[in-house]
Amino acid sequence: MQTRDIDTTLLRTFVEVAQTGAMTKAGRHLNLTQSAVSQQIKRLEDLFQVELFDRSQKLLKLTALGERLLPKAQSMLSLNNEIWHQMTSPDFEGQVRLGVPHDIVQSFMPRILKSFRKLWPTIDVQIVCLTTPKLLALLDKKEIDLTLTTEAKKSENDGTLLLIDQLVWAGVIDGEAYKDDPLSIAIEDETCAFRPCILEALARIGRKWRLIDGKGDGMPVMIATLQADLAIAATLSQAIPPSCAVLPPDSNLPTLPHFYINMYQAPGRDNAIVQELASHMTKSFNQLYPKVA
């Protein structure tokens with residue numbers, strides 16, 4: 001069977017259309033006209049002699065063959081980017097001290113830091129896990145180089161917004177702790193960034209509550225408390241603990257606000273290694289995680 005080279009430009013356009021469901025929107029992301037995007041998709045379909053999209057509806061949907069191609073195309077583009085990066089960037093080695101709040105480290109960091117290690121195996125990333133206020137204090141004292149935060153506001157001029165997500169109520173699957181009166185709320189500790197929003201929301205509907213603060217290593221205790229159905233907790237929708245789920249609308253719980261994952265760098269730290277990790281964080285969040293509107 002004859003093989004042919006596949007143009008990665010066509011694959012990049014295909015992946016963008018698949019993710020956005022519209023050629024016009026994909027074109028904006030790729031800085032191309034809608035016509036150019038359409039032509040590239042047609043060239044890719046002609047190359048494979050198959051239809052990759054169902055065009056019968058306003059929102060483009062992948063065909064079965066398009067679904068088959070998508071993960072392979074994403075892998076090929078990822079490898080292309082990795083090769084380009086390694087061949088055109090300077091050799092970095094050293095250490096970065098990265099702060100990450102307990103409530104997002106398990107959900108977001110493994111995938112991102114794994115890909116960073118592939119690019120820069122000689123950079124040692126040391127993770128410091130604390131609540132947002134504690135991490136910002138360490139950053140201000142330059143005891144860490146870079147930190148992510150979970151905050152009720154977007155970052156200002158000194159930071160970078162990585163993700164907007166909805167704060168939701170979560171409990172163990174098929175649990176009944178949300179029915180308790182007073183309601184038991186598990187939090188990591190008294191400095192948890194979610195705490196003021198939780199208390200304000202419960203006061204708004206007049207629901208009685210009691211707080212269960214994590215003792216020692218707060219996050220494992222909090223997760224165990226949820227999984228034992230001893231309490232419920234507020235969490236980002238994309239960071240729900242294992243064995244837990246968003247509580248149903250009829251749980252007599254108030255709506256919670258959006259939260260923001262921001263990134264800040266220590267003042268005066270214009271370090272190339274830190275900048276490289278910060279850039280990788282920004283790109284990874286943009287590619288991997290949807291910003292809930």
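Everything here concerns the structure above.
Here the structure is a predicted model, which is why all the values come from computation and not from measurement.

Definitions and limits used
Residues numbered from 1 in each chain as written. Predicted model: local features only at pLDDT ≥ 70, side-chain atom pairs only at ≥ 80, totals over all residues. Heavy atoms only, no water. Core = buried A, V, L, I, M, F, W, Y, C linked by side-chain atoms within 4.5 Å. Buried < 20%, exposed > 50% of the residue type's maximum accessible area, 1.4 Å probe, protein only. Contact = heavy atoms within 4.5 Å. Helix = DSSP H or I, 4+ residues; strand = E, 2+ residues; numbered from the N terminus. Pairing = 2+ DSSP bridges. Expected span 1.5 Å × (residues − 1). Arc of directions from axis to C-beta. Salt bridge = Lys/Arg side-chain N within 4 Å of Asp/Glu carboxyl O. Axes fitted to C-alpha atoms, helices over the stretch in contact; angles between N-to-C directions. Parallel < 35°, antiparallel > 145°, perpendicular 65-115°, else oblique. Left-handed = near helix turned anticlockwise from the far one by under 90°. Nonpolar A, V, L, I, M, F, W, Y, C, P; charged D, E, K, R; others polar. Disulfide = S-S within 2.5 Å. Polar contact = N/O pair within 3.5 Å; in protein donor to acceptor, adjacent residues only side chain to side chain.

Draft legend 1. The nonpolar core, seen in detail. F108, M109, W169, I232, M281 and F285 are the most contacted members of the largest nonpolar core, which has 47 residues in total. Setting aside its immediate chain neighbours within four residues, I232 contacts W169, A170, A177, Y178, L183, S184, I185, A186, L226, L247 and L253.

Draft legend 2. Summary view of the pairing of strand β5 (residues 146–151). Buried residues dominate β5, accounting for six of its six residues. With two bridges connecting them, strand β3 (residues 94–101) and β5 associate as parallel partners. From the neighbouring strand, G99 faces β5, where its bridge partner is T147. As paired strands, β5 and strand β11 (residues 258–265) are joined by six bridges and run antiparallel to one another. What sits directly across from E151, in β11, is Y260.

Draft legend 3. Highlighting helix α3 (residues 34–48). Taking 1.5 Å per residue as the helical rise, α3 with its 15 residues ought to reach 21 Å, and the 22 Å between its terminal C-alpha atoms agrees with that figure. Within α3, burial applies to V37, Q40, I41, L44 and E45. Viewed end-on, α3 has its buried residues packed into an arc of 135 degrees, placing them on one side of the element. Contacts from the buried residues of α3 go to α1 (8–20), α2 (23–30), β1 (53–54) and α4 (64–88).

Draft legend 4. Layout of the pattern of salt bridges. Taken as a whole, this structure holds seven salt bridges when the rule is applied. We note a salt bridge from R43 to D7, for which the minimum N-O separation is 3.8 Å. With a gap of 36 residues between them, R43 in helix α3 and D7 in the segment before α1 connect regions that are remote in the sequence. What makes R43 partly exposed here is its relative accessible area of 48%.

Draft legend 5. Spatial organisation of the environment of M87. Structurally, the position occupied by M87 is in helix α4. Exposure remark for M87: the relative accessible area of 69% places this residue in the exposed category. In sequence terms M87 and L135 are 48 residues apart; their C-alpha atoms lie 35 Å from each other.

Draft legend 6. Quick peek at the environment of K142. Summarising the element assignment, K142 is placed in the loop between α6 (132–140) and β5. Separated by 124 residues in the primary sequence, K142 and A266 place their C-alpha atoms 5.7 Å from one another.

Draft legend 7. Focus on the packing of α1 against α4. At their nearest, the axes of α1 and α4 sit 9 Å apart, and the two run at 125 degrees to each other. Relative to α4, the element α1 is oriented oblique. Here α1 runs over α4; the crossing is left-handed. In this structure, α1 contributes T8, L11, R12, F14, V15, A18 and Q19 to the contact, and α4 contributes G66, L69, L70, A73, Q74, M76, L77, N80 and N81. In terms of residue class, the contact of α1 with α4 is built from nine nonpolar, six polar and one charged.

Draft legend 8. Here's a closer look at the packing of α1 against α2. One way to put it is that α1 packs onto α2 with a least axis distance of 8 Å and a crossing angle of 125 degrees. The angle between α1 and α2 places the two elements in the oblique class. By crossing handedness, the relation of α1 to α2 is classed as right-handed. Across from T13, E16, V17 and T20 in α1, the residues of α2 making contact are M23, K25, A26, H29 and L30. Looking at the contact of α1 with α2 residue by residue, the class counts come to four nonpolar, three polar and two charged.

Draft legend 9. Expanded view of the state of the cysteines. On inspection of all chains with the given rule, the structure shows zero disulfides. For the unlinked cysteine C129, the closest cysteine sulfur is that of C192, found at 14 Å. Given a relative accessible area of 24%, C129 falls into the partly exposed group. C244 takes part in no disulfide bond, and the closest cysteine sulfur to it belongs to C192, at a distance of 15 Å. On the basis of relative accessibility, which here comes to 11%, the residue C244 falls in the buried class.

Draft legend 10. How the structure looks around the side chain of S251. Considering the arrangement of structural elements, one finds S251 in the loop between β10 (244–246) and β11. Residue classification places S251 among the buried positions, given a relative accessible area of 3%. Looking at S251, its side chain comes within polar contact range of the main-chain oxygen of P248, at 2.7 Å. The residues touching S251, leaving out its near neighbours within four places in the chain, are Y178 and R207.

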